[in-house]
Amino acid sequence: MAVTTRMLGRSGIEVSALGMGCWAIAGPWAEGSQPLGWGAVDDDESVRAVRRALELGVTLFDTADTYGAGHGERVLGRALAGHRDDAVIATKWGYTFDEATRQATGEDASPAYLRRAVIASLRRLGTDRIDLYQLHLADLPVHRAEALFAACEDLVAEGLIRAYGWSTDRADRAAALGPAAPGAAAVQHALSVLRDAPEVLAVCDKYDLASIDQGPLGMGLLTGKYTAASTLPRDDVRGLTPGWLEWFRGGRPAPEWLRRVGAVRAALTADGRTLAQGALGWIWARSGRAIPIPGCRTVAQVEENAAALHRGPLPAEQFIEVERQLAALRTAALRDADRPHWPRPTHPQTHP
């Protein structure tokens, strides 16, 4: 059964059940010599991809001010020019950067920086409001986050943002978006068929928050296009792999994750879906609050992902079969020593 829209938590904002992650279209930026982008991109193709997504019913576009050191927001703003009212824009703040050098420079969790950041994002996006404004500092202590959410309430009252959320994998952090944060709408966190997130999903259920799901295709592993022989270029964050990203190692797919992809491929594609479409269907079947945001760089990628909307969640019997096959793998994947830390790194301090 097709699934086309979902509510953005308790905000009253309706969005497409599939979003478009815009990290990959932001182009190069780095922390020192460590690339944080996905390599060189064609901005014109990125604009075409965003507009094609809109044509196919995708309305949620997720970016961050730090992606491309501001360039990602500029590209998205250009793509949505003339179509602003058809789209829901989600962006993030908390990391600092130098636009001129495209370098990440650190982080700033102060309310004063929050206000400067939102004004700068509005300017780069070419819009008068941000629909969902998300704290990007995943491990910030709760009391400091609460001060920022109080400041976000002021931004809601001023009409600069419509709702806010937190990009974090930690359920104890996500719970700060409960009753004390009336304008909160969503938690953005890692969720894929290879890595479940029951604790964060439980928080979303308890407080009526949307689950915006990053990494739904395992940074490309669940597209099926990577093999043990694949090598990523060194200007790609997956090619010169930082310590917090363990889906890839030394520019190659991590063997243990490729084995897991192989184990679920047949079950996810049993009804004729592509592997990527099956992975998205698993997420929709997993939670009625889940909104996956796979990254796209081309029109072709957008078209394949958007086609998953018409197939909808995996049927119950297929979902059960996937779960049966995943049980042992998931237990192994959740061991601390065998779990990717993306997107919640311990090093470096700045991350996508």
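A. How the structure looks around the overall build of the protein. Regarding its fold elements, the protein presents 10 helices and 16 strands. If one aligns the C-alpha atoms of the protein with their principal axes, the spans along those axes are about 50 × 40 × 40 Å. Burial analysis of the protein (352 residues in total) assigns 59% to the buried set. The contacts in the protein between residues at least 6 apart in sequence include a share of 73% that link residues at least 24 apart. Total accessible area on the protein stands at roughly 13000 Å², and carbon and sulfur atoms take up 53% of it. In the protein, the 39 positive side-chain charges and the 42 negative ones have mean positions that sit 3 Å from each other.

B. Representation of the packing of aromatic side chains. If you walk through the whole model with that rule in mind, you get nine aromatic pairs. Aromatic pair Phe-149 and Tyr-164: ring centres 5.5 Å apart, planes at 20 degrees, arrangement stacked. Residue Phe-149 is located in helix H4 (residues 142-158), and its partner Tyr-164 is located in strand E11 (residues 161-167); the two are separated by 15 residues in the primary sequence. With respect to class, Phe-149 is no different from Tyr-164; both count as buried. Each ring, one from Trp-282 and one from Phe-319, has its centre 5.9 Å from the other, and the planes form 25 degrees; the classification is stacked.

C. Summary view of the environment of Asp-131. Assignment of secondary structure puts Asp-131 in strand E10 (residues 130-135). Among the residues examined, Asp-131 registers a relative accessible area of 0% and is labelled buried. As a C-alpha pair, Asp-131 and Lys-206 span 75 residues in sequence and 22 Å in three-dimensional space. Aside from chain neighbours lying at most four places away, what touches Asp-131 is Ile-13, Arg-84, Ala-87, Val-88, Ile-89, Arg-162 and Ala-163. Within polar-contact distance, the side chain of Asp-131 engages the side chain of Arg-84 at 2.9 Å. Here the side chain of Asp-131 touches Ile-89 through a polar contact of 2.7 Å, landing on its backbone nitrogen.

D. Region of interest: H4. Helix length check: H4, at 17 residues, gives a terminal C-alpha distance of 24 Å against a target of 24 Å (1.5 Å per residue), a fit within 8%. Listed as buried for H4 are Ala-145, Leu-148, Phe-149, Ala-151, Cys-152 and Leu-155. Viewed end-on, H4 has its buried residues packed into an arc of 165 degrees, placing them on one side of the element. Opposite its buried face, H4 presents the exposed residues His-143 and Ala-157, each directed more than 90 degrees away. Where H4 terminates, the next one or two residues include Gly-159, which has phi positive at roughly 80 degrees.

E. Spatial organisation of the sheet that holds E10. Here we have eight strands laid out as an open sheet, ordered E3-E6-E7-E10-E11-E12-E13-E16, and parallel in their pairing. Of all strands in the sheet, those with a lone pairing partner are strand E3 (19-21) and strand E16 (290-292), marking the two edges. Sheet twist, expressed as the mean angle between neighbouring strand axes with direction ignored, is 25 degrees. Sheet strands in contact with helix H8 (residues 275-286) are strand E13 (210-214) and E16, and its direction is about 160 degrees off that of E16.

F. Local environment of the environment of Ala-290. Mapped onto the elements, Ala-290 comes out in strand E16. Beyond its immediate chain neighbours, meaning those up to four positions away, Ala-290 contacts Arg-6, Ala-17, Leu-191, Ser-211, Asp-213, Ile-283 and Trp-284.

G. Spatial organisation of the pattern of salt bridges. In this structure the tally under the stated criterion is 25 salt bridges. Salt-bridge contacts for Asp-139 lead to Arg-170; the nearest nitrogen and oxygen are separated by 3.6 Å. Placement of the pair is Asp-139 in the loop between E10 and H4 and Arg-170 in the loop between E11 and helix H5 (171-174), with a sequence separation of 31 residues. Notably, a salt bridge pairs Asp-236 with Arg-238, separated by 2.9 Å at the nearest N-O pair. By relative accessible area, Asp-236 is classed as buried at 1%. Given a relative accessible area of 2%, Arg-238 falls into the buried group. In the salt-bridge network here, residues are joined through shared partners; they are Glu-73, Arg-74, Glu-99 and Arg-124.

About the criteria used
Residues numbered from 1 in each chain as written. Predicted model: local features only at pLDDT ≥ 70, side-chain atom pairs only at ≥ 80, totals over all residues. Heavy atoms only, no water. Helix = DSSP H or I, 4+ residues; strand = E, 2+ residues; numbered from the N terminus. Buried < 20%, exposed > 50% of the residue type's maximum accessible area, 1.4 Å probe, protein only. Contact = heavy atoms within 4.5 Å. Areas by Shrake-Rupley, 256 points an atom, 1.4 Å probe, with all protein chains shown as cover. Lys, Arg positive; Asp, Glu negative; His and termini not counted. Charge placed at Lys NZ, Arg CZ, Asp CG, Glu CD. Phe/Tyr/Trp six-rings, centres within 6.5 Å; stacked < 30°, edge-to-face > 60°. Polar contact = N/O pair within 3.5 Å; in protein donor to acceptor, adjacent residues only side chain to side chain. Expected span 1.5 Å × (residues − 1). Arc of directions from axis to C-beta. Pairing = 2+ DSSP bridges. Axes fitted to C-alpha atoms, helices over the stretch in contact; angles between N-to-C directions. Salt bridge = Lys/Arg side-chain N within 4 Å of Asp/Glu carboxyl O.

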